[in-house]
Amino acid sequence: MDDCEGLNLEFKRQYVKDISKTIISFANTNGGVIYVGIDDDGTVVGIDDVNEVTSRLSNMIRDTIQPDVTMFVSISQEKRDGKDLAKLIVQKGTESPYYLRGKGIRTEGVFIRQGASSVPASESMIRRMIKDTDGDAYEAMRALNQSLTFEAATREFQLRNIPFASEQFKTLRIVNEDGIYTNLGLLISDQCMHTIKLAVFQGKEKTTFKDRVEFDGSLFKQLNDCFSYLSRYNRVSSEMVGLYREDKKDYPQEALREALINALVHRDYAYSASTLISLFDDRIEMVSVGGLAEGLNLPDIMLGISITKNDRLASLFYRLMLIEAYGTGVPRIFDSYKKEKVKPRIETSDNAFKITLPNRNEPGIDTQLNRSEKAIVELLRQEGRIKRKEVEKQLGISQSMAGRIVRDMVDKEILDVRGQGKNTEYLLKD
């Protein structure tokens with residue numbers, strides 16, 4: 001036996017509760033051996049009642065450490081210099097991070113081995129251990145916060161007469177097989193730390209704020225609160241159609257609802273950034289973190305193909321009838337604008353998804369343009385971006401005339417310019 005403590009060896013003079021931290025650190029790192037009855041300097045002092053100590057160790061391991069680590073710890077008795085010792089052999093566990101039951105999956109409850117010491121793990125280390133054990137699916141991972149309440153979720157389930165109590169949590173996958181809250185549970189809990197940030201701007205640019213608000217708590221609460229807030233700004237305009245008055249809201253209620261649900265269900269919660277909603281005179285923009293799921297593109301979405309990063313969250317929304325059918329959300333948004341000249345727009349990048357809903361009652365850009373400018377705007381709506389040569393071809397005009405028209409449209413802030421020289425491109429200004 002080695003006579004000094006190290007990365008995989010620890011001595012304890014007697015039984016103390018802190019032994020649990022050493023067991024956790026070994027199980028979270030590379031395993032190790034603990035001797036009870038040996039002083040820090042390697043002096044064998046022995047144990048008076050080794051049977052009682054081994055029994056207390058066994059009970060302590062079972063009662064104070066989560067997940068269950070007992071299968072990775074063996075306890076035996078040894079004699080050294082005629083004195084009784086308790087020996088614990090701890091293997092590296094397969095369900096790390098292991099932690100103190102009373103502290104939870106937090107830095108004060110999770111320990112790792114560094115040299116001859118057991119030290120608290122950093123939050124980034126804890127997240128890495130969870131990912132290594134649970135896989136990449138965020139909603140299936142164990143939540144760092146295990147002190148969760150579900151007042152908002154309970155109300156949502158009660159509204160639809162669907163049972164929602166601890167006995168359903170495992171079926172709903174709010175807890176895992178060991179009864180530990182998953183990130184899905186965290187997302188619908190009152191302690192959810194992901195938020196929606198909404199800003200109302202005066203006019204059509206992000207220059208003057210009229211209002212700012214942040215929605216927090218359970219995703220169900222955020223959904224209801226945010227939808228109610230947006231509905232306050234969803235004004236009704238009226239016009240006479242023949243002998244009858246026709247009322248029309250700025251934004252179709254169905255489009256608002258589907259866009260908001262899409263932003264919540266399909267965002268990547270592995271990132272801490274908030275979902276962003278910007279309300280202008282002529283449009284609403286919703287930006288959620290996380291691009292399209294792997295293997296999916298925009299044409300797929302328009303066809304109604306749905307691959308979500310959060311299958312379990314989507315299933316909960318479906319169970320609560322917040323989602324009517326998988327893959328129908330985006331087509332329903334566009335269908336609600338089928339009689340309108342201006343259509344919703346979707347933009348994606350590797351790390352973000354943005355949907356823009358145009359205000360149906362805002363005078364459109366088309367009413368302010370001459371014939372040539374309208375033709376260019378229509379071309380841009382089809383192509384996304386164009387070069388001057390395409391303007392020449394579309395309008396059948398000279399190079400100088402095409403250049404003058406697009407320059408005028410840039411000066412009127414109808415077009416944006418990208419690139420320079422031969423690579424100069426034009427696109428519609430938001």
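Residues numbered from 1 in each chain as written. Predicted model: local features only at pLDDT ≥ 70, side-chain atom pairs only at ≥ 80, totals over all residues. Heavy atoms only, no water.

S.K.: I'd like a description of the side chain of Ser 274, backed by residues and values.
M.R.: With respect to the helices and strands, Ser 274 occurs in the loop between α8 (253–265) and β13 (275–279). What makes Ser 274 buried here is its relative accessible area of 14%. Separated by 2.6 Å, the side chains of Ser 274 and Thr 195 make a polar contact. Other than its neighbours up to four places away in sequence, Ser 274 contacts Thr 195, Lys 197, Glu 214, Arg 267 and Val 289. (Helix = DSSP H or I, 4+ residues; strand = E, 2+ residues; numbered from the N terminus. Buried < 20%, exposed > 50% of the residue type's maximum accessible area, 1.4 Å probe, protein only. Polar contact = N/O pair within 3.5 Å; in protein donor to acceptor, adjacent residues only side chain to side chain. Contact = heavy atoms within 4.5 Å.)

S.K.: With reference to specific residues and values, describe the pattern of salt bridges.
M.R.: Between side chains of opposite charge, a pair can form as their charged atoms come close. A full pass over the atoms with the stated rule returns 28 salt bridges. The shortest N-O distance in the salt bridge between Arg 142 and Asp 134 comes to 3.2 Å. Owing to a relative accessible area of 4%, Arg 142 belongs among the buried residues under this scheme. Here Glu 285 makes a salt bridge to Lys 354, at a shortest N to O gap of 3.6 Å. Here the residue Glu 285 occupies a position in strand β14 (residues 283–289), and Lys 354 occupies one in strand β16 (residues 352–358), the gap between them amounting to 69 residues. (Salt bridge = Lys/Arg side-chain N within 4 Å of Asp/Glu carboxyl O.)

S.K.: Let's hear about the layout of surface pockets: which residues, and what values?
M.R.: When its volume is computed, the second largest pocket comes out at roughly 470 Å³. Arg 127, Tyr 138, Met 141, Asn 183 and Ala 270 are the residues nearest the centre of the second largest pocket, which is lined by 23 residues in total. Counting only elements with at least two residues in the lining of the second largest pocket, the list comes to α3 (123–134) and α6 (183–188). Split by residue class, the lining of the second largest pocket holds ten nonpolar, six polar and seven charged. (1 Å grid on protein atoms, 1.4 Å probe; cavity = no way out; pocket = protein on both sides within 12 Å on 5 of 7 lines; lining within 4 Å. Points joined across faces, edges and corners; volume = space filled by probe spheres on them. Nonpolar A, V, L, I, M, F, W, Y, C, P; charged D, E, K, R; others polar.)

S.K.: Give me the lowdown on the packing of aromatic side chains, citing residues and values where you can.
M.R.: Applying the stated criterion across every chain, the model contains 13 aromatic pairs. Centroid distance Phe 11 to Tyr 35: 6.4 Å. Interplanar angle 55°. Geometry classified as tilted. Separated by 24 residues along the polypeptide, Phe 11 in strand β1 (residues 9–12) and Tyr 35 in strand β2 (residues 32–36) bring together distant segments of the chain. Look at Phe 11 and you get buried, because its relative accessible area is 1%. Using a relative accessible area of 5% as the deciding quantity, one classes Tyr 35 as buried. (Phe/Tyr/Trp six-rings, centres within 6.5 Å; stacked < 30°, edge-to-face > 60°.)

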